[in-house]
Amino acid sequence: MQITLEIWRQKGPTDSGHFETYQAKAEPDMSFLEMLDVLNEVLLAQGKEPVAFDHDCREGICGSCSMVINGFAHGPEALTTTCQLHMRSFQDGDRITIEPFRAKAMPVQKDLVVDRSAFDRIMAAGGYVSVNTGAAPEAHSVPVPKENAEQAMDAAACIGCGACVAACPNAAAMLFTSAKISQLSLLPQGQPERKARALAMVSQMDKEGFGACTNHYECMGACPKGISVDNIARMNREYLRSELLP
Amino acid sequence: MTHTLDSKVPSGDLSSKWTQYKFDLKLVNPANRRKFTVLVVGTGLAGASAAASLAEMGYKVKSFCIHDSPRRAHSIAAQGGINAAKNYKNDGDSVYRLFYDTIKGGDYRSREANVYRLAEVSTAIIDQCVAQGVPFAREYGGLLANRSFGGAQVSRTFYARGQTGQQLLLGAYSALMRQVHSGGVEMYTRREMMDLVVVDGIARGIITRNLITGQLERHAADAVLLCTGGYGNVFFLSTNAKASNVTAAWRAHKRGAYMANPCFTQIHPTCIPVSGSHQSKLTLMSESLRNDGRVWVPKKAGDARRPGDIPESERDYYLERKYPSFGNLVPRDVASRNAKMVCDEGRGVGSSGMAVYLDFADAIARDGRDAIEARYGNLFQMYERITAEDPYKVPMRIFPAVHYTMGGLWVDYNLESTIPGMFVLGEANFSDHGANRLGASALMQGLADGYWVIPATIASHLAGRKLAPVGTDHPAFAQVEADSKARIDRMLAVGGSRSAFEMHRELGLICWEYCGMSRNAAGLNTALGKIRDLRGEFWNDLKLPGDGSGINQSLEHAGRVADFMEFAELMVTDALDREESCGGHFREEHQTPENEAKRNDEDFSYVAAWEFQGVDKPEILHKEQLDFENVKPSTRSYK
Amino acid sequence: MLNWLARVLQSTLGRKTGMAISGLLLVGFAITHLLGNLTLLKSHEAFNAYAQKLEDLGPLLTLAEVGLLALFLFHIVLALLVTMRSKSARDVAYRVSASTGQKTIGSSTMRVSGLLLLVFLIIHILDFRFKKLMGYEGSEDLAKLVHDRITSPVGLGIYVTAALLLGFHLSHGFKSAFQTLGLRHPKFTGTIQCLGWVLAIGLALGFALIPVALLLGAGGAK
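Residues numbered from 1 in each chain as written. Chains lettered and ligands numbered in written order. Predicted model: local features only at pLDDT ≥ 70, side-chain atom pairs only at ≥ 80, totals over all residues. Heavy atoms only, no water.

Caption draft 1: Seen up close, the overall build of chain B. A count of helical and extended segments in chain B gives 17 helices and 19 strands. Against the compact-globule benchmark of 26 Å for 639 residues, chain B has a radius of gyration of 24 Å, which places it among compact chains. For chain B, the C-alpha atoms occupy an extent of roughly 75 × 60 × 50 Å along the three principal directions. Looking at chain B as a whole, 65% of its 639 residues qualify as buried. Taking all contacts inside chain B whose residues are at least 6 apart in sequence as the whole, residues at least 24 apart take part in 73%. Counting 75 positive and 75 negative side-chain charges, chain B places the centres of these two groups 3 Å from one another. (Helix = DSSP H or I, 4+ residues; strand = E, 2+ residues; numbered from the N terminus. Rg over C-alpha atoms; globule rule 2.2 N^0.38 Å. Buried < 20%, exposed > 50% of the residue type's maximum accessible area, 1.4 Å probe, protein only. Contact = heavy atoms within 4.5 Å. Lys, Arg positive; Asp, Glu negative; His and termini not counted. Charge placed at Lys NZ, Arg CZ, Asp CG, Glu CD.)

Caption draft 2: Region of the structure containing the overall build of chain A. Summing up its helical and strand segments, chain A has 8 helices and 7 strands in all. Considering chain A as a whole, with its 246 residues, one finds that 67% of them fall into the buried category. Long-range contacts, defined here as pairs at least 24 residues apart, represent 70% of the contacts in chain A between residues at least 6 apart. Element-wise, carbon and sulfur atoms account for 52% of the exposed surface of chain A, whose accessible area totals about 7,700 Å². Positive and negative side-chain charges in chain A, numbering 22 and 30 respectively, have mean positions lying 5 Å apart. (Areas by Shrake-Rupley, 256 points an atom, 1.4 Å probe, with all protein chains shown as cover.)

Caption draft 3: Spotlight on the interface of chain A and chain C. Each partner contributes residues to the interface: chain A has 49 residues there, and chain C has 39 residues. Approximately 3,700 Å² of surface area, both sides summed, lies buried where chain A meets chain C, with 50% of it carried by carbon and sulfur atoms. When the buried surface of chain A facing chain C is broken down by residue, Arg102, His216 and Glu218 of chain A rank first, second and third, together holding 15% of it. Here chain A is connected to chain C by 4 salt bridges. A salt bridge links Arg184 of chain C to Asp230 of chain A, with the nearest nitrogen and oxygen atoms 2.4 Å apart. Put simply, chain A and chain C have 33 residue pairs in polar contact (both at pLDDT 80 or more) between them. Mapped by element, the contributors of at least two residues to the side of chain A that touches chain C are strand S5 (95–100), helix H4 (163–167), helix H6 (194–207), helix H7 (218–222) and helix H8 (230–244) of chain A. Per-element accounting of the side of chain A that touches chain C gives the leading share, 10 residues, to H8 of chain A. Here the residues of the side of chain A that touches chain C sort into 28 nonpolar, 11 polar and 10 charged. (Buried area = accessible area lost by both parts, 1.4 Å probe. Salt bridge = Lys/Arg side-chain N within 4 Å of Asp/Glu carboxyl O. Polar contact = N/O pair within 3.5 Å; in protein donor to acceptor, adjacent residues only side chain to side chain. Nonpolar A, V, L, I, M, F, W, Y, C, P; charged D, E, K, R; others polar.)

Caption draft 4: Just the interface of chain B and chain A, in detail. Each side of the interface is counted separately: chain B has 71 residues, and chain A has 76 residues. Where chain B abuts chain A, roughly 6,100 Å² becomes buried across the two surfaces, and 52% of that area is made up of carbon and sulfur atoms. For the pair chain B and chain A, the interface holds 6 salt bridges. Arg190 of chain B serves as the salt-bridge partner of Asp54 of chain A, at 2.7 Å between the closest nitrogen and oxygen. One can count 44 residue pairs in polar contact (both at pLDDT 80 or more) joining chain B with chain A. For the side of chain B that touches chain A, the secondary-structure elements that each account for two or more residues are helix H3 (45–57), helix H5 (112–132), helix H6 (164–182), helix H11 (369–387), helix H12 (442–462), helix H14 (500–515) and helix H16 (553–577) of chain B. Take the side of chain B that touches chain A: its biggest share by element is 8 residues, from H6 of chain B. Classifying every residue of the side of chain B that touches chain A by side-chain character gives 28 nonpolar, 26 polar and 17 charged.

Caption draft 5: Looking closely at the pattern of salt bridges. Residue and element names in this part refer to chain B. In the structure shown here, the tally under the stated rule is 78 salt bridges over all chains. For Glu566, the salt bridge identified is with Lys254, shortest N-O distance 2.7 Å. With Glu566 in helix H16 and Lys254 in helix H7 (residues 247–254), the pair connects residues that are 312 residues apart, well separated along the chain. In this structure, Arg560 and Glu556 form a salt bridge, with 3.5 Å as the shortest nitrogen-oxygen distance. Here Arg560 and its partner Glu556 are both found in helix H16, 4 residues apart, which amounts to about one turn of the helix. Residue class for Glu556 comes out buried when judged on its relative accessible area of 13%. Linked through salt bridges whose partners overlap, the residues forming this network are Asp107, Arg109, Arg578, Glu580, Arg599 and Asp601.

Caption draft 6: The arrangement of the packing of H3 of chain B against H6 of chain B in detail. Residues and elements named next belong to chain B. Packing of H3 against H6 brings their axes to within 8 Å, and their N-to-C directions diverge by 35°. Crossing of H3 against H6: the hand is left-handed. In this structure, H3 uses Leu45, Ala48, Ser49, Ala51, Ala52, Ala55 and Glu56 to contact H6, whose residues at the interface are Leu168, Leu169, Ala172, Tyr173, Ala175, Leu176, Arg178 and Gln179. Residue composition of the contact of H3 with H6, by class: 11 nonpolar, 2 polar and 2 charged. (Axes fitted to C-alpha atoms, helices over the stretch in contact; angles between N-to-C directions. Left-handed = near helix turned anticlockwise from the far one by under 90°.)

Caption draft 7: Representation of the side chain of Glu112 of chain B within the structure. Residue and element names in this part refer to chain B. With respect to the helices and strands, Glu112 occurs in helix H5. Here Glu112 occupies a buried position and makes no salt bridge, while the nearest side chain of opposite charge, Lys17, is found at 7.0 Å. When sequence neighbours within four positions are dropped, the list of residues in contact with Glu112 reads Leu14, Phe99, Ile103, Asp627, Phe628, Glu629, Asn630 and Val631.

Here's what the structure looks like:
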């Protein structure tokens, strides 16, 4: 396959950045990132700077990928991270535009590398159960209804990649934040801190400068793990519960 | 200077050693703990759990990770589950049975006391994770579900769908972030450890490189914990994440920490085969697939027919043929080795000839497509996504891939390396899995080390030794920082023509060819020569873009490849030295007439711990004799 | 209490909640408004009698009107705040943007439809309520005033367009409000979506068809 790539190049956080056009060769069996590996080898051989991009596990679970491909966070395939996207999803002669995830709260650091530390700060604000090592009761002392455990797992499958923010027309981080609030509010272990957690995480999310949800649900469409907007409704409920109930 | 290898295993009865030892350890007064700074390098299961637990106790912790967030370490990719001797299924499990299975599974090359402790604390791990809100699978009654995993005869594996590693890591990460929030942990993301700073023989700090700015940074401390994972990427193609590397461990090794059993590497039999020369990474599929899939290749070498066109009578279900009682469920090492053997005979399938079939046709005919989909739907989907073939219709093609490394830095019972003050946790140490790791045991060990072992044993160092105050202005820091800078400058100055990526791939091929699933003296000697040549080429012909400032991913990678180049030589040396076959280490010279592994307990019942002497100088071998007081080594047989 | 209110209204979720509640109340108003308007289809007298009934409420009507105005303002101000926040949350736009198919025309035109409805609202108030309050000539026969206005070519265009805009706005706004209030459950989310469509289409058609019906001779037109 012969493809034309338009890739966002930005030297550093303060550089204004621009698109560059490259010609690349690919095989249908290649993953999208392997196509970029090959491009980078070519660039290096030509004495040019390779494209910087975040990647690690290359099996769809670490959440490092942070590219928008032809307008889609993680590319055009549903439930697929960029690293699991294959070139067979494209046609010979295609023109592919690659941009970094874009949000003010996730600034570009170089080329396609973005800073997602805002997510960590949202987690630090309350995305945990306060239990010191050694203080836990016997695992079977508190049964958890299977349905709750399953729903909590649905929410917990979030890989923290930020595609929800990237795909949101408002650059909101509701799906990410709600997934964690949901997971812990569904489990008995999360009850004691339920109110404080919802308020603290929502407040931190606002502080980071993410946008406001207008319920387009594009986040859910882009999420490689299929996290549902049911979680956003649950977060809203948790928030109201925390603010309204005594 | 050579160390005597004192494992510091406490005396006494196996089952009371850990309790008694914890009582005998000196304690650090709670009020004094904040005076001690502990550096934790790595935020996988071991690192995150250790950093969180130590901060909870009151130590001043600095945590370092190579990623943009501590939630991304490769522990996250573990699928199957975590073992614990809870005996919730009433099927006769116990701490002793988990201990016994792990020792036996490790082919009698691990330390009894460590393994027993691992089994002992396994139950508390589950308690802790449940309390953190880890959404383990549950039964309808609301209690935890278990499954049997990796051929174990009891159901002791706890799991969270196929994402157990992810959920356990996110649990540890949440505990870590709680400490970051409360100020107990200072978090340093996008940092790579460049070197260890040793002052008066004691580990007192590290030099890191800020991967965003390129700046070298000094961190002084009273103890250093390496939780930096395994070295599987020395093979280039492995199931490890791309950033997984040996650098931190290797730097520490060069500063005096012994490297133990580096030839013990685990090859996982059910991975998706290599599809082309551009391949960057191998993907593992849960070995549960072998519960229903039948492994076969054509009887005739070079048979290029499509699988459906090969009649039953011309297929060789070689595992069922050779191991009638275990069949397709033989352990990982046996399954892997046999796949290689049939491929070497020219009977491999697929375009590369380096794959075997894993066929579900019989299972689908027997149980129906729906039943198979319920069991393996997500795996089939993953396979189809990567290969564009439908495994419901065409047999899967699988091939073994490097998956885990049992070897690592040598540690004693305290998890302390041969450099006082430097502890090694998780996959980075050699400690608990011997020559072969059992399924669902890696997560258990990472969390055991971080949650339960190090919080107790770190006192042996902090309360047991008099530590002079050392700051980053100590000349040792300036010296080590200068070393790190010189190394980076040297790489940038080569100005050759070959990329680190390309040379890493070449190194991987050498290791896989000669030090992979089966090894022999001639091949290993060949490998030594090739590795040295390649290393020479690396330092003479490396091409790097840019400079040392700002993000330079090529430079980061080159630094890791440079260390793999040196490490590979030691791995091969260790494989050459170990004249026996055990676990993941198969020496062709040491096999039975039926091609089974022949262990040599008489001469090789020891941990091989290597001491660095300088690049291009032979390392010195130290042996820690393994004494089996409780379990009598026997031959593994799956016939 | 004031602190609490300030905190809630500074939070994105608080503001969204405010929008959702005010939006739903405004939907309620739109429904009663439509029902009242239907009297015009019966006869001018019926419409004027209905208007007179409202006038007879005296101070209660004033109170209701002020409340209604406040509700509109609240909804609009919060919308502006939320929009400004979202606009600033993405400082560099994508060169290419695509949809995963979740967005609808209704959801992506909320801001435009909302702004146009605001413009319409001003015209609408100037058209009728303002004239009535100021005692303009001809405002005593409200039915005639309305009839003439909404059947004139320009008036017809404005009022039918506004009705359709309201439909668009509600096609997303109604179900969105329930989501924002956390009222989502497999058992009733489908029903809410259906109800949203029924309301959106019902209100749009209802308001739009009144002038059309009048032109066709309903309400005993001249």
